[in-house]
Amino acid sequence: MPSTKVVQGAARGLCNSVLSVLKRHQDASQAAGMKKYLRNQFEFLGIKAPLRKTLCKETLQQWKHEKIRYDTTATLSTQGLGNAGSTELTPSRVPIEECLPEQSIELSTVSERRGKRTRSSTRNSLRSSRSTAACISTAIQKGPMPPLGKRSKAKESQDDVLSVSNSEVLSSWCFYEELVTCAMKLGFREPVYFALDMLSSSAGKRCIPNLEQGEVEVALESLGVIIDTDSWWDTVDCLASHPLGAFWEHHKATTKRAMTEWLKTGSMWRQRSAVLCQLRMRDQTDWKFLQHACLQTMGTSEFFLNKAIGWSLRQYARTNPKAVRSFVAKHDSKLSTLSKREALKHLL
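Everything numeric in this text was worked out from a predicted model, so none of it was measured. (Residues numbered from 1 in each chain as written. Predicted model: local features only at pLDDT ≥ 70, side-chain atom pairs only at ≥ 80, totals over all residues. Heavy atoms only, no water.)

Trainee: An account of the packing of helix α9 (residues 213–228) against helix α13 (residues 268–276) is requested, with residue identities and associated values reported.
Mentor: Running from N to C, α9 and α13 cross one another at 125°; their axes reach a closest spacing of 9 Å. With respect to α13, the axis of α9 lies oblique. Judged by the twist between their axes, the crossing of α9 over α13 is right-handed. Seen from α9, the contacting residues are Glu221, Gly224, Val225, Ile227 and Asp228; seen from α13, they are Trp269, Arg270 and Ser273. Here the residues of the contact of α9 with α13 are counted per class, giving 3 nonpolar, 2 polar and 3 charged. (Axes fitted to C-alpha atoms, helices over the stretch in contact; angles between N-to-C directions. Helix = DSSP H or I, 4+ residues; strand = E, 2+ residues; numbered from the N terminus. Parallel < 35°, antiparallel > 145°, perpendicular 65-115°, else oblique. Left-handed = near helix turned anticlockwise from the far one by under 90°. Contact = heavy atoms within 4.5 Å. Nonpolar A, V, L, I, M, F, W, Y, C, P; charged D, E, K, R; others polar.)

Trainee: Just give me the short version of the packing of aromatic side chains, but keep the residues and values in it.
Mentor: The tally for this structure, following the rule as stated, stands at 12 aromatic pairs. Arranged with centres 5.8 Å apart and planes meeting at 55°, the rings of Trp232 and Trp269 form a pair that is tilted. One end of the pair, Trp232, is in the loop between α9 and α10 (233–241); the other, Trp269, is in helix α13, and 37 residues separate them in sequence. For Trp269, a relative accessible area of 11% gives the class buried. The rings of Trp232, Trp269, Phe303 and Phe304 are connected pair by pair, giving a single aromatic cluster. One cation-aromatic arrangement involves Arg270 over Trp262; the distance from NZ or CZ to the ring centre is 5.2 Å. (Phe/Tyr/Trp six-rings, centres within 6.5 Å; stacked < 30°, edge-to-face > 60°. Buried < 20%, exposed > 50% of the residue type's maximum accessible area, 1.4 Å probe, protein only. Lys NZ or Arg CZ within 6 Å of the ring centre and 35° of its normal.)

Trainee: Describe in detail helix α7 (residues 189–199), supporting the description with residues and values.
Mentor: Counting buried positions along α7 yields 10 of 11 residues, so the element is predominantly enclosed. Restricting attention to buried positions, one finds in α7 the residues Arg189, Glu190, Pro191, Val192, Tyr193, Phe194, Ala195, Leu196, Met198 and Leu199.

Trainee: Please provide a residue-by-residue account of helix α1 (residues 4–23), values included.
Mentor: Over its 20 residues, α1 runs 29 Å from end to end, which matches the ideal 28 Å to within 8%, given 1.5 Å per residue. Inspection of α1 places Val6, Val7, Gly9, Ala10, Ala11, Leu14, Cys15, Val18, Leu19, Val21 and Leu22 among the buried residues, and these make up the whole buried set. (Expected span 1.5 Å × (residues − 1).)

Trainee: Tell me about the pattern of salt bridges, and name the residues and values.
Mentor: Close approach of charged atoms allows side chains with opposite charge to pair. On inspection of all chains with the given rule, the structure shows 13 salt bridges. Among the salt bridges present, the one from Asp197 reaches Arg52, with a minimum N-O distance of 3.8 Å. Here the residue Asp197 occupies a position in helix α7, and Arg52 occupies one in helix α3 (residues 49–64), the gap between them amounting to 145 residues. Looking at Asp197, the relative accessible area reads 39%, which means it is partly exposed. Between Asp286 and Lys256 there is a salt bridge, and its shortest N-O distance comes to 3.1 Å. One end of the pair, Asp286, is in the loop between α13 and α14 (287–297); the other, Lys256, is in helix α12 (residues 252–264), with 30 residues separating them in the sequence. Given a relative accessible area of 12%, Asp286 falls into the buried group. A network of salt bridges, in which partner residues are shared, links Glu221, Asp228 and Arg270. (Salt bridge = Lys/Arg side-chain N within 4 Å of Asp/Glu carboxyl O.)

Trainee: So, the environment of Leu344: which residues are in play, and what are the values?
Mentor: Turning to its location among the elements, Leu344 is positioned in the segment after α17 (337–343). Counting along the chain gives 20 residues from Leu344 to Val324, while the straight-line C-alpha distance between them is 8.0 Å. With residues near it in sequence (within four places) discarded, Leu344 still touches Arg325 and Val328.

Written as structure tokens, this is what we have:
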């Protein structure tokens, strides 16, 4: 498994690639309408969902076939590499970019789409590979004159440098977290939608069952931070029903404790997420907790909370209509008109 730094670098690279492709298809007239729809809170490129998803899918497929090169040499010294200092790297799989100055990190990429290299990608690959090899050779030789950076076929065949396909990082939950975090810093909503689609994909959710309890706690808090950042229903509902729902399914005890705490916070979006996290559970819904979540959030004039209460009850009514009718009747005076209408929508 590539190091955390390589995984995060891959996520940032994918974000930048997606943004670059989307910017070539931006439409100012469409962007104005999209911005207005979300109450002028966020900037848009003006790309409608069908085209956006097609462009992102093509970019993702091409990105999957690129490779990251990282070093596994036992010991390397960064002496003589400018501002990188003289820290020695311990024997482990060490990404090449950790041997380079922070301001000049480069990942050598090789395009292998359909098994053929284009002239452009080959030239870029050679330049990047020579630059990387030169820095590593300088670090090893510690000589006053920088080498040319060329490596013989014999050296290339050694085990000190591995080529890792970008597709390998898709099994790391850290990758998806970093992808969303990076997308939210790009300034446009479309890259965020792409990152959330990735986080909610089957590949993203397959990472969740393998997390240890400590990792689950950290991941849930990270999701909470994401939910609190530039929040609106278009992002929060996706996070609540997909990744949070997967955490509830595979790590129920830990997730339940976290959702109980979220209900006590002053964050309306975390409270909404706690109410909606069981939307897809159907007959596996923890009815006792859902009642608790509704009771904790009812009695407010906040539209998004009242809507969430009604939505979650409506979904559970498909499995247990009798229980929902009884709950609405029992708390008729506390439930808002919106919550009651939504809860009983398919039962009237």
